[in-house]
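Residues per chain are reported as follows:
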Amino acid sequence: MSKEVFYITTAIDYTNAAPHIGHAYEKVLADTIARYQRLCGKEVFFLTGVDQHGQKVKQAAEQKGVEPQAFADSVTEKFLDLWKQLGVVYDGWAATTDPRHKRVVREILQSLHDKGLLYKAKHKGHYSVRQEQFLTDKERDESGNFGPEWGEVQEIEEENWYFKLSEYRDWFVNFLNTHPDFITPSFRIAEVANAVAKNSADLCISRPKARLSWGIEFPFDPEFVTYVWFDALINYISFAGYLPKEGEGFPKFEKVWPCDAHVIGKDILVPAHGIYWPAMLKAIGFEDHEIPKLLVHGWWNLRGAKISKSQGNIIDPKLLAEQYGTDALRYYLMRDIVMGQDADFSEERLILRYNTELANGLGNLLNRSLNMAQRYRQGVLQPVGDGHADIEAERAANREAVAVYRKAMDAYQLHIALDAIGNIITRANAFVETTAPWKLAKDEAQASRLDAVLSYLAESVRLAATLLSPVIPEAATRIFEQLGLSAIAICVEPVCPALEATHKTGAAQPVFPRIETPETNG
Ligand code: MSP
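Positions within a chain are numbered from 1, following the residues in the order the chain's sequence is written. Only residues with pLDDT of at least 70 are given local features in this predicted model, and only at 80 or more are side-chain atom pairs given and counted; all residues enter the totals for whole chains, interfaces and linings. Neither water nor hydrogens contribute to the side-chain values; these are computed over all heavy atoms in the structure.

1. Considerations on the packing of helix 12 (residues 326-335) against helix 13 (residues 347-377)
Between two packed helices, what matters for the description is the angle formed by their axes and the separation of those axes. Convention adopted: a line fitted to C-alpha atoms gives each axis, helices being fitted over their contacting stretch, and angles between N-to-C directions are expressed from 0 to 180 degrees. Elements are defined by DSSP. Helices are runs of H or I of four residues or more, strands are runs of E of two residues or more, and each kind is numbered from the N terminus. Between helix 12 and helix 13, the least distance of the axes is 9 Å, while the angle of their chain directions is 100 degrees. With respect to their mutual orientation, helix 12 and helix 13 come out roughly perpendicular. Contacts from Ala328, Leu329, Tyr331, Tyr332 and Arg335 of helix 12 reach helix 13 at Arg349, Leu350, Arg353, Tyr354, Glu357 and Leu358. Here roughly perpendicular refers to angles of 65 to 115 degrees, roughly parallel to angles under 35, roughly antiparallel to angles over 145, and oblique to all remaining angles. Residue contacts are defined here by distance: any two heavy atoms, one from each residue, within 4.5 Å place the two residues in contact.

2. Here's the deal with the side chain of His503
Locating His503 in the fold gives a position in strand 18 (residues 503-504). Leaving out residues up to four positions away in the same chain, His503 has contacts with Gly379, Val380, Leu381, Leu483, Gly484 and Leu485.

3. Details of empty space enclosed by the protein
Here a cavity denotes a set of grid points, spaced 1 Å apart and computed over the protein atoms alone, in which a 1.4 Å probe fits but from which it cannot get out, and a pocket denotes an open set meeting protein on both sides within 12 Å along at least five of seven lines; residues with an atom within 4 Å of a point are reported as lining. Grid points are joined across faces, edges and corners, and a volume is the space filled by probe spheres set on the points. Within this structure, the stated rule accounts for 3 cavities of 30 Å³ or more. Put simply, the parts of the chain that give the lining of the largest cavity at least two residues each are helix 5 (169-178), helix 6 (188-198) and helix 10 (269-284). Under the convention adopted here, Pro, Cys and the residues Ala, Val, Leu, Ile, Met, Phe, Trp and Tyr are nonpolar, Asp, Glu, Lys and Arg are charged, and Gly plus all remaining residues are polar. Considered class by class, the residues forming the lining of the largest cavity number 8 nonpolar, 3 polar and 1 charged.

4. Some points on the site of the ligand
Nearness is defined per residue: one heavy atom within 4 Å of the molecule or strand is enough. Neighbouring the ligand are 23 residues, the closest being Ile12, Glu26, Asp51, Gly265 and Asp267. Measuring from a nitrogen atom of the ligand, one finds a side-chain N or O atom of Asp51 at 2.7 Å. Working definition of accessibility: Shrake-Rupley area with a 1.4 Å probe, residue cover restricted to the visible protein chains. Contact with the protein chains removes 95% of the 660 Å² of surface that the ligand exposes when unbound. At the level of secondary structure, the elements contributing two or more residues to the shell around the ligand comprise strand 2 (13-14), helix 1 (21-39), helix 7 (228-233), helix 8 (235-238) and strand 12 (261-265). A class-by-class count of the residues in the shell around the ligand yields 11 nonpolar, 8 polar and 4 charged. The term polar contact refers here to a pair of N or O atoms within 3.5 Å; inside protein, the definition further demands a hydrogen-donor-capable atom paired with an acceptor-capable atom, and it admits residues adjacent in sequence only when both atoms are side-chain atoms.

5. Observations concerning helix 13
Think of an α-helix as 3.6 residues a turn; residues three or four steps apart then line up on the same face. Note on bend: the value at a residue is the angle between axes fitted to the seven residues ending there and to the seven starting there. The sharpest bend along helix 13 measures roughly 35 degrees and falls at Asn364. Measuring from the backbone nitrogen of Glu348 back to the side-chain oxygen at the start of helix 13 gives 3.3 Å, which picks out Ser346 as the cap. Count one or two residues on from helix 13 and you reach Gln378, which has phi positive near 50 degrees.

6. Thoughts on the sheet that holds strand 7 (residues 153-163)
Pairing between two strands is assigned when DSSP locates at least 2 bridges connecting them. Pairing is antiparallel in the open sheet, where 4 strands are placed in the order 6-5-7-9. The outermost strands of the open sheet, each flanked by one partner alone, are strand 6 (133-135) and strand 9 (203-204). Bridging between strand 7 and strand 9 involves 2 bridges; their strand directions are antiparallel. Residue pairing across strands places Phe163 opposite Leu203, the latter belonging to strand 9.

7. A look at the layout of surface pockets
In this model, the second largest pocket occupies a volume close to 150 Å³. Only helix 12, helix 13 and helix 15 (414-435) provide two or more residues apiece to the lining of the second largest pocket. Here the lining of the second largest pocket is built from residues that sort into 6 nonpolar, 5 polar and 3 charged.

8. Observations regarding unusual backbone geometry
For the bond from Thr184 to Pro185, the omega torsion is -5 degrees, close enough to zero to count as cis. Within the element layout of this structure, Pro185 appears in the loop between strand 8 (183-184) and helix 6. Cis peptide bonds are those with omega within 30 degrees of zero, and the linkage from Glu493 to Pro494 qualifies with -10 degrees. With respect to the helices, strands and loops of the structure, Pro494 is situated in the loop between helix 18 (473-483) and strand 18.

Next up, the structure:
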């Protein structure tokens with residue numbers, strides 16, 4: 001069976017604290033890509049979820065005085081609510097305490113053990129509680145200390161299970177050299193290559209239960225639980241139907257795998273997704289062409305500083321969506337960042353983008369197009385007909401913009417795709433000014449010209465709303481309702497279809513009311 005489905009995942013979020021704007025960005029990004037693929041007629045499997053095991057969750061639960069499962073469940077609820085509120089529509093939910101996931105993790109551990117790829121050894125060293133890993137000298141800063149990013153560092157000696165990661169080093173160096181499309185953006189490949197060059201150690205994949213019980217128990221050594229990253233990474237296959245069992249309701253693995261895009265932040269590329277994960281898959285038995293592709297995004301910061309709970313500068317996406325609307329937030333998050341780079345979060349920028357591009361841009365175009373159609377033609381539009389060179393020129397420019405949009409979306413360059421849509425809207429608004437339908441309406445001899453202009457305007461609104469629909473699905477639906485037209489199948493010719501018959505539009509209702517603040521009011 002060959003792969004038929006576009007498979008996209010995100011990182012699964014830790015359930016030690018409520019979601020913030022960074023989590024929201026990643027899920028909306030993946031959701032936008034998933035919606036775009038569906039718009040292109042592709043079947044999509046979009047998996048997201050929560051990382052419920054590990055020391056962080058255990059510690060947070062202890063602070064609250066509740067059981068880790070109850071604590072993880074309560075935080076999970078917050079993520080579920082947020083995705084609903086933000087219109088993040090996924091096909092699979094990966095919660096790592098799900099018994100089906102635990103079964104697959106155990107089966108994988110057993111099979112790696114059977115293949116002789118795991119061993120038990122004693123290790124004495126520095127352990128970062130926050131990052132849940134042993135540290136080596138390369139993690140020390142210039143003054144020889146472990147920096148604050150590692151949190152509390154304890155010196156411990158313990159026996160653990162190790163995965164023979166070092167056996168995959170040569171294979172992986174060769175893989176990196178021969179698979180430049182493994183990571184988008186490609187400049188991040190060098191980061192992984194440098195890290196591999198510096199590290200030749202095996203990977204500790206267990207934690208003794210005596211120290212941490214909140215994890216998946218080893219099948220062949222019940223004194224140990226699985227290291228949270230080893231457990232979490234497996235979600236990408238366990239919830240996609242790997243090692244299936246009758247009636248579990250997962251997709252057929254062969255239909256979805258390999259994953260087209262693991263959408264992750266830059267902080268979890270090295271070592272987890274960029275090194276451990278491909279080596280784990282290779283050891284499990286996957287071929288080179290079955291190694292998934294990584295889409296690595298940058299971070300949202302606040303005035304240049306990292307967003308973090310401990311710094312007290314957390315930004316609550318729930319409050320923002322309540323205040324400005326889901327689509328305003330989604331649009332800003334997709335619009336004001338260059339894929340792969342960091343961006344600074346700013347509410348003023350959110351308002352500015354919304355007011356200029358959605359309220360004054362698309363909203364204005366929609367309003368005037370529908371209002372003029374009502375005023376001059378009772379909402380009845382006619383096909384454009386021949387002999388309108390300016391409309392033909394606009395259409396040619398739109399086709400070019402759609403080509404730019406599609407190429408950019410296929411390459412996950414959303415900021416470029418959104419520029420291309422902005423171009424369509426700006427041109428259509430300028431077209432209203434140059435054709436001045438209010439003047440045409442005064443001249444009976446220009447009746448068919450007015451028909452053509454009004455019809456073309458509806459055509460351009462429909463196109464812009466279609467292209468924006470993956471980013472602002474709710475607003476796009478409302479625009480289609482008002483136009484009385486559906487979204488365009490942009491991957492099918494013609495990409496910018498004209499009206500073929502008489503068509504009646506609805507009345508204009510504001511879709512993007514301006515956000516008024518003391519600043520916007522001058
Ligand atoms: N649980 C692990 C991932 C396991 S995947 C097998 C984890 N969780 S996390 O909650 O800390 O982060 C989840 C995702 O949110 C990561 O991809 C991370 O990069 C992303 N972000 C966290 N803060 C962010 C910003 N400030 N900006 C953008 N994304 C950021 O890591």
